[in-house]
Amino acid sequence: MFKQLSLTTAALVISLAAAAGAQSKPVTPQQLLNLHQISDLRFSPDGARLAFVVSEPVKGTDHPRHIWLMDVASRRVRQFTYSAKSDDSPRWSPDGRYLAFLSNRDEGRQIYIMPMDGGDAYPITEGKRSVGGFEWSPDGGQIAFTAPDEPTADAEKKQKDKDDALVVDHEGRNARLWLLPFTPASTAADSKKAHALTSSDWSIREAEWVPHSDRLIVAATNHPDSDDNTERLFAVAANGAMTLLYAPKGTFGAFQISRDGTQIAYTGGEGPNPHDVMVRALDVPPGSASRDLTASGLDRAMSGLEWRPDGTLLADAEDGFETRLYSITAAGAATPVDEAAPNPRSVALARDGMLAFVGGTATRPPEIYLAPAHGTAQAATHFNASWSEYALAAPSRFHFKSFDGMAIEGALLKPVAATGAGPWPTVILVHGGPTGAWSDSIESWGQLLAAHGFAAAYFNIRGSTGYGEKFLESNRADWGGADYKDVMAGVDYLVKQGIADPERLGIGGWSYGGYMSEWAITQTNRFKAAVSGAGMVDLMAEFETENGPSYDRWFWGLPYDKSDGFIQHSPLTYLKNAHTPILILQGINDTTDPLGQSTGLYRGLKYYGAPAELVEYPRENHGFQEEQHQIDRLNRILAWYQKYLQSSPATP
């Protein structure tokens, strides 16, 4: 039986308005984890229903995801799957009679089918391998999916006996492309009928059917062991023959095939991240260049491509702190779509022009919004209605000039209970990346600090996305150089404005933000407290031990050929100058910025007698997953800044 949410849109508006009027609770670490995330929106073929994934707030070590359905006309939603594990990746059959999805309710992630006219979900794949992704064929008679080969009996025996030594780059099982026939009578036992279209030498990242044909387009590489970006675009025929379509010079993101099957669009570029919207015809020679639709006009980091029936593209553009939706023509002309839409992402487009997306701001948690063709978007769900009971700090935007005159954008959260004009103890928060950016969304560190008497400042320093390719690339081979000067220019601005107390300044961040915090305390004593999460103290050792070093290679080259940049821009080189108390937070299983970076920092500071505390979190990778670890992290961050920046900790 489906769970029905009975609030109508009108009742929802009234209930939220009433709650907002009584908004008074200070935000807590527990509430900051109580956020339902929404993703993977998919309209049914007739546009009458919308399937989507809701990620529940973490409980213990579980972070379940479930599929929900919305009746578009009434806006009513109902939970569609109830697995004790996680269900995601909803995909409608072309006739709308079935909804397929991935679930780990049994062994591994398998494809499940749910008939829309009633009945229970049942698997159509089985085994000890996990399916990475899948898509229905245009006629609904086949499903293409990516998965490695099943483990051999010998491999299973070795695993059971703990005889599991691994030869690096030689014993990984690559994701292959498989075809599985589908009929209404298909069962998991029929998964043995699946046949591989690609050999085990190839690793397939993504696959999509060409409309009105039996061809697939894939992003693939036959050099999965390479530390460089070697993925290319191929067409795969029904007999498995692969034809090179294009070999991009740099990175490229997800692709979309036009509805008439003649063109392919993807995000790409020659920088460290995909940036521009690229389009090419499917029938041009492999050496032909793709057309860049946004480089000369809409110079912003693009994502979330969707083809419209008229042949134009919808795409998300990072524009400073905000995300905007644009319609882009074949000539590259970009027009904003519903400029009042709150930072749209995970966009879906129905055949009749109905638009759905996930939207939210720094004070409004994410919900689904619907907009009819040429209409204005309105919120259609209330998964995060509990947030209306809490007082969130609303950011104010500002710009300041850096040392060389470059304009830098920032945002400020003032203390929630502040009655005066400052100055306040102020923490500068640095985003990850460096090719990342602070956005107009709820950010847990800053909101928690603002609830306890701090001001929190966010600067999108050079190297950030959302300000054009030149700005993004402007800290190449210069981490800790001009980007650090941007940070300090922002500090000077806030002090001059009477906002930041110069004697109670803190800095903190995660990943590259952790690196910048470590770098800052080796360059200045102005900060009285610092927090580094999963930072980088030794850029050469980072390159040698991280997963996927091609990103760092773009910035620095190879340390074996040219080590000076790695050394001169590593906080390790200047640790003897550090005197600021620093809290170091690290996941033990982190493969992005490995454990040795934080232990190396702590060991060096301990040797020089600098105040430091290292906290290691078992089982955690770069992004923490376990509830108690996330709560502990937030509590420690708050307590650290209270200890060193507030003579008597403020209590909300």
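What counts and how
Residues numbered from 1 in each chain as written. Predicted model: local features only at pLDDT ≥ 70, side-chain atom pairs only at ≥ 80, totals over all residues. Heavy atoms only, no water. Helix = DSSP H or I, 4+ residues; strand = E, 2+ residues; numbered from the N terminus. 1 Å grid on protein atoms, 1.4 Å probe; cavity = no way out; pocket = protein on both sides within 12 Å on 5 of 7 lines; lining within 4 Å. Points joined across faces, edges and corners; volume = space filled by probe spheres on them. Nonpolar A, V, L, I, M, F, W, Y, C, P; charged D, E, K, R; others polar.

Engineer: For unusual backbone geometry, give the residues involved together with the corresponding values.
Structural biologist: Put simply, G422 and P423 share a cis peptide bond, and its omega is 5 degrees. The residue after G433, namely P434, is reached through a cis peptide bond having omega 15 degrees. Looking at the secondary structure, you find P434 in the loop between strand 33 (424-430) and helix 4 (444-450). Phi at N343 is positive, roughly 55 degrees, even though this residue is not glycine. Along the chain, the position of N343 falls in the loop between strand 25 (334-336) and strand 26 (345-349). The backbone of S346 shows a phi angle near 50 degrees, a positive value even though the residue is not glycine. Inspection of the secondary structure assignment puts S346 in strand 26.

Engineer: Now, about empty space enclosed by the protein: what can you tell me, with residues and values included?
Structural biologist: Under the criterion given, the structure shown has 2 cavities of 30 Å³ or more. Approximately 110 Å³ is the volume found for the largest cavity. Along the wall of the largest cavity there are 13 residues; nearest its centre are A362, P395, S439, S441 and Y458. Taken together, the residues of the lining of the largest cavity sort by class into 7 nonpolar, 3 polar and 3 charged. When its volume is computed, the second largest cavity comes out at roughly 60 Å³. In terms of lining residues, the second largest cavity is bounded by Q263, V279, R291, L293, W307, G311, T312, L313, I328, T329 and A330. Across the lining of the second largest cavity, the residue classes break down as 6 nonpolar, 4 polar and 1 charged.

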